[in-house]
Amino acid sequence: MADAALQGGQFMTTVKAATRARVLDRLRLGDLVFRYLTRGAAIAVLVLLGGVILSLLIGALPAIRKFGFGFLISQKWNPVTDEFGGLPAIYGTLVTSFIAMLIAMPVGLMIAFFLTELCPTWLRRPIGIAIELLAGIPSIIYGIWGLFTFAPFLQHTLQPFLIGTLGNVPGIGALFAGPPFGIGMLTAGLILAIMVLPFVSSISRDVFESVPIVLKEAAYGIGCTTWEVMRHVVLPHARSGVIGGVMLALGRALGETMAVTFVIGNAPSISASLFAPGTTISAVIANEFTEAVSPLYTSSLITLGLILFVISFIVLAAARYLLTRVQRRIG
Amino acid sequence: MSDAALASTTFPGGAGRGRYAARRRRDIMATGFAYAATLFGLGWLVLILGSLLWNGVSGLSLSVFTEMTPPPAAAGGLLNPIVGSLIMTVLALVIGTPIGMLAGTYMAEYGRYERLSSTVRFINDILLSAPSIVIGLFIYEVVVAPMGHFSALAGGLALAVLVIPVVVRTTEDMLVLVPNALREAAASIGLPRSLTITRICYRAVRAGMMTGVLLAIARISGETAPLLFTSLNNQFWNASLNAPTASLPVVIFLFALSPYKEWQSLAWTGALILTLTVLGLSIAARALLASKRDG
């Protein structure tokens, strides 16, 4: 009888062992599945980028075959005769982004200077957040505001002023010639400048704050003014981070669509004057893609998209490279 | 490096008071410019919000939320674009959040120091700032063109592509902050790795992940460009995922550029609603993160 009980006990332990093994197996399997699931998702991010590039390439193929490298330098944009060239759009994209950076870079740096050196501590957070909110406003809002409020304002104030003054200066006068339309390259550039300002200022602020305080104190200690500390100690120390921030802002400006579409004027032409309506890659795509009837038309627009993607990829990759190096130094 | 910087600085030597006054002047000018730059930046925020309120508030009424978009030159509301935007946002979150979370989990938990993680981090950061209109073209090529028509599904997918990088980034950043002692404690009581992550780490970073999702919603609810040729627009009520669908940003775009006064004023009202939503979300996300950090 005791023997039987013993046997029963042994039976129970074998059952327990079997359950335990089953549970362990299930856990092990779950572990494996979860690991590969997360790995798969990580790889999916890479595939996503590959897919974007591949699909654009395939879509662009007919236009590339037809026009070749001539697409990059041709100014023709004629849907009726199926002749397309990307130069006006590429030119517009580069010029508007250039204007934007010309303004956003110094202003953004000065805001970062203010936030790190001049601003009372209790005001730093609220002002910093308020500036960053500029980046949170959807681009369509910049568009509608730019078209109905900002462009008429420019048409009646800044533009006549510039035409009257800089327009008469030989050499650069051509940039500021012609009637003030309100909308045009300059307006688009200015709105882009406001939109990317927060990227320059908040990244610069973060890098400025990473400058060792001892360095600044040493400079103050030998009698430097606030500006001299900024110019000769903080800026050289933060240089690559600032350049990274500026590149990131440039990447944003290049691809910005809706705000620009509203105020650029959408004319596929190149003119010397900054007041003239022009177009950008993103604006052409936004305006014409759903109307493109011929396959070559669609393909030309996708080619423009591919060019935009390649340009902004290079700019963003450079920005990332610089910023990662800075982060490694800080961290 | 600081040596070089200091050496290049000119210090008042024998030159006397004139030199010092010049340095003071330059300092005052530079700080003055810094104040002006900050006012310039804040000024735009005030101007834009002010002009939105000025133009948008008058059109704000209950009918905006209960009536369909009107035909030209008639009164109406924004019900169908608001619902369309909600549908596509939810769709994008349902698709994008799990993928983003899992990818971020891999980068922080399994392969923190692997080549794969640093590559994904690099690519992800580029996707984060990639031109959204190009994402629209991508979804057009792989979804709309094969299906043969525009749909809410395509719009949601395009937005999902924008959600993924935001969620990957915040998930990774948050998980990296989880102290290793928590993971070791879990391992010491025999918890498998996957359960450690889902039961321990995810709970520790819940607030951070919510922030990421809120930021993602803020990002996509204002996006117009990727919807233009994926979900297109629809003047009528539509709850099917398989048909063209109106969205708030696209309707604002079309109505603002139309010649009709009624449409333009609806566009302003829509713009006001959209901006308040997006700014509210991004402030909420910040507050959530700040409260977590202090607590």
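Note that the structure is a prediction, hence the values are computed from the model and not measured.

Draft legend 1. View of the overall build of chain B. Counting its secondary structure elements, chain B contains 13 helices and zero strands. When the elements of chain B are put in sequence order from the N terminus, they spell out α-α-α-α-α-α-α-α-α-α-α-α-α. Taking 19 Å as the expected radius of gyration for a compact globule of 295 residues, we find that chain B reaches 25 Å, considerably beyond that expectation. With the principal axes as the frame, chain B shows a C-alpha extent of 80 × 65 × 40 Å.

Draft legend 2. Structural detail: the overall build of chain A. Of the regular secondary structure elements, chain A holds 12 helices and two strands. Secondary structure of chain A in N-to-C order comes out as α-α-β-β-α-α-α-α-α-α-α-α-α-α. For chain A, the C-alpha radius of gyration of 29 Å lies well beyond 20 Å, the compact-globule estimate for 331 residues. Taken along its principal axes, the extent of the C-alpha atoms in chain A is 115 × 70 × 35 Å. Considering chain A as a whole, with its 331 residues, one finds that 52% of them fall into the buried category.

Draft legend 3. Representation of the pattern of salt bridges. One pass over the full model with this rule turns up 13 salt bridges over all chains. Close ionic contact of A:Glu228 with B:Arg23 constitutes a salt bridge, the shortest N to O distance being 2.7 Å. Remark: B:Arg23 occurs in helix α2 (residues 17-56) and A:Glu228 occurs in helix α9 (residues 226-255); the pair is interchain, linking two chains. Across the pair, exposure class does not vary: A:Glu228 and B:Arg23 are buried alike.

Draft legend 4. Spatial organisation of a nonpolar patch on the surface. Among the surface-exposed residues, A:Leu166, A:Val169, A:Ile172 and A:Leu175 lie close enough to one another that they form a single nonpolar patch of about 260 Å² accessible area. Given a relative accessible area of 38%, A:Ile172 falls into the partly exposed group.

Draft legend 5. Fine view of the interface of chain B and chain A. Between chain B and chain A, the contact holds 88 residues from the first and 84 residues from the second. Where chain B abuts chain A, roughly 7800 Å² becomes buried across the two surfaces, and 80% of that area is made up of carbon and sulfur atoms. With its nearest N and O atoms 3.7 Å apart, the salt bridge here joins B:Glu114 to A:Arg39. Run the count over chain B and chain A and you get nine residue pairs in polar contact (both at pLDDT 80 or more). Ranked by residue count, the leading element in the side of chain B that touches chain A is α2(B), at 19 residues. For the side of chain B that touches chain A, a count of residues per class yields 61 nonpolar, 19 polar and eight charged.

Draft legend 6. View of helix α5 (residues 115-129) of chain B. Under the 1.5 Å per step criterion, the end-to-end length of α5(B) is 22 Å for 15 residues, consistent within 8% with the ideal 21 Å. Within the span of α5(B), buried status applies to B:Leu116, B:Ser117, B:Val120, B:Ile123, B:Asn124, B:Asp125, B:Ile126, B:Leu127, B:Leu128 and B:Ser129.

Draft legend 7. Representation of the domain arrangement of chain A within the structure. Residue and element names in this part refer to chain A. For chain A, the assigned domains read domain 1 (1-67) and domain 2 (72-330). Once you take the C-alpha centre of each, domain 1 and domain 2 turn out to be 45 Å apart. Each side of the interface is counted separately: domain 1 has 13 residues, and domain 2 has 12 residues. Here domain 1 packs against domain 2, burying approximately 930 Å² in sum over the two surfaces, 82% of which is carbon and sulfur. Considering only the side of domain 1, the residues that lose the most area to domain 2 are Leu56, Ala63 and Phe67, jointly responsible for 45% of the buried surface there. The tally of links from domain 1 across to domain 2 stands at three residue pairs in polar contact (both at pLDDT 80 or more). Within the side of domain 1 that touches domain 2, the residues separate by chemical class into 11 nonpolar, one polar and one charged.

Draft legend 8. Geometry of the packing of aromatic side chains. One pass over the full model with this rule turns up 21 aromatic pairs over all chains. Between A:Phe84 and A:Tyr297 the ring centres are 4.9 Å apart and the planes differ by 15°, which places this aromatic pair in the stacked class. With A:Phe84 in strand β2 (residues 83-84) and A:Tyr297 in helix α12 (residues 295-330), the pair connects residues that are 213 residues apart, well separated along the chain. Pairing A:Phe289 with B:Tyr140 gives two aromatic rings, centres 4.7 Å apart and planes at 85°, and the pair type is edge-to-face. Taken as a pair, A:Phe289 in the loop between α11 (281-288) and α12 and B:Tyr140 in helix α6 (residues 132-147) lie in two separate chains rather than in one. A relative accessible area of 4% means that A:Phe289 is categorised as buried. Grouped by ring-pair contacts, the aromatic residues A:Phe67, A:Phe71, A:Trp77, A:Phe84 and A:Tyr297 constitute a single cluster.

Draft legend 9. Geometry of the environment of B:Ser282. Secondary-structure assignment places B:Ser282 in helix α13 (residues 261-294). What makes B:Ser282 buried here is its relative accessible area of 11%. Placed 264 residues apart in sequence, B:Ser282 and B:Gly18 show a C-alpha to C-alpha distance of 51 Å. Ignoring sequence-local partners within four residues, the contact set of B:Ser282 consists of A:Leu133 and B:Ala218.

Draft legend 10. Structural detail: the side chain of A:Thr38. Mapped onto the fold, A:Thr38 is located in helix α1 (residues 2-67). On the basis of relative accessible area, A:Thr38 is assigned to the buried category, the value being 0%. Filtering out sequence-adjacent residues up to four positions away, A:Thr38 remains in contact with B:Leu102, B:Ala103, B:Thr105, B:Tyr106 and B:Tyr110.

Draft legend 11. Just the side chain of B:Gln264, in detail. Following the sequence through the fold, B:Gln264 ends up in helix α13. Accessibility expressed as a relative area gives 17% for B:Gln264, which makes it buried. Excluding its chain neighbours within four sequence positions, the residues that come into contact with B:Gln264 are A:Phe148, B:Phe255, B:Ala256, B:Ser258 and B:Pro259.

Draft legend 12. Quick look at the packing of helix α3 (residues 87-118) of chain A against helix α7 (residues 185-209) of chain A. Residues and elements named next belong to chain A. Between α3 and α7, the shortest axis-to-axis distance is 5 Å and the interhelical angle comes to 40°. Looking at the two axes, α3 sits oblique to α7. Of the two possible hands of crossing, α3 and α7 adopt the one that is right-handed. Grouping the amino acids of the contact of α3 with α7 by side-chain chemistry returns 24 nonpolar, eight polar and two charged.

Draft legend 13. Representation of unusual backbone geometry within the structure. Residue and element names in this part refer to chain A. For aspartate 82, which is not glycine, the phi torsion reads 60° and is therefore positive. Structurally, aspartate 82 can be placed in the loop between β1 (77-78) and β2. The exposure class assigned to aspartate 82 is partly exposed, which follows from its relative accessible area of 22%. The backbone of asparagine 266 sits at a positive phi, close to 50°, despite the residue not being glycine. One can find asparagine 266 in the loop between α10 (258-263) and α11. Using a relative accessible area of 34% as the deciding quantity, one classes asparagine 266 as partly exposed.

Draft legend 14. Spotlight on the environment of A:Ser202. Residues and elements named next belong to chain A. As for its placement among the helices and strands, serine 202 is situated in helix α7. Given the relative accessible area of 16%, serine 202 is considered buried. Along the chain, serine 202 and glycine 128 lie 74 residues apart, while their C-alpha atoms are 7.4 Å from each other.

Rules of the game
- Residues numbered from 1 in each chain as written.
- Chains lettered and ligands numbered in written order.
- Predicted model: local features only at pLDDT ≥ 70, side-chain atom pairs only at ≥ 80, totals over all residues.
- Heavy atoms only, no water.
- Helix = DSSP H or I, 4+ residues; strand = E, 2+ residues; numbered from the N terminus.
- Rg over C-alpha atoms; globule rule 2.2 N^0.38 Å.
- Buried < 20%, exposed > 50% of the residue type's maximum accessible area, 1.4 Å probe, protein only.
- Salt bridge = Lys/Arg side-chain N within 4 Å of Asp/Glu carboxyl O.
- Patch = residues over 30% accessible without salt bridge, like charges linked within 9 Å, V, L, I, M, F, W, Y side chains within 5 Å.
- Areas by Shrake-Rupley, 256 points an atom, 1.4 Å probe, with all protein chains shown as cover.
- Contact = heavy atoms within 4.5 Å.
- Buried area = accessible area lost by both parts, 1.4 Å probe.
- Polar contact = N/O pair within 3.5 Å; in protein donor to acceptor, adjacent residues only side chain to side chain.
- Nonpolar A, V, L, I, M, F, W, Y, C, P; charged D, E, K, R; others polar.
- Expected span 1.5 Å × (residues − 1).
- Domains from an automatic or database assignment.
- Phe/Tyr/Trp six-rings, centres within 6.5 Å; stacked < 30°, edge-to-face > 60°.
- Axes fitted to C-alpha atoms, helices over the stretch in contact; angles between N-to-C directions.
- Parallel < 35°, antiparallel > 145°, perpendicular 65-115°, else oblique.
- Left-handed = near helix turned anticlockwise from the far one by under 90°.

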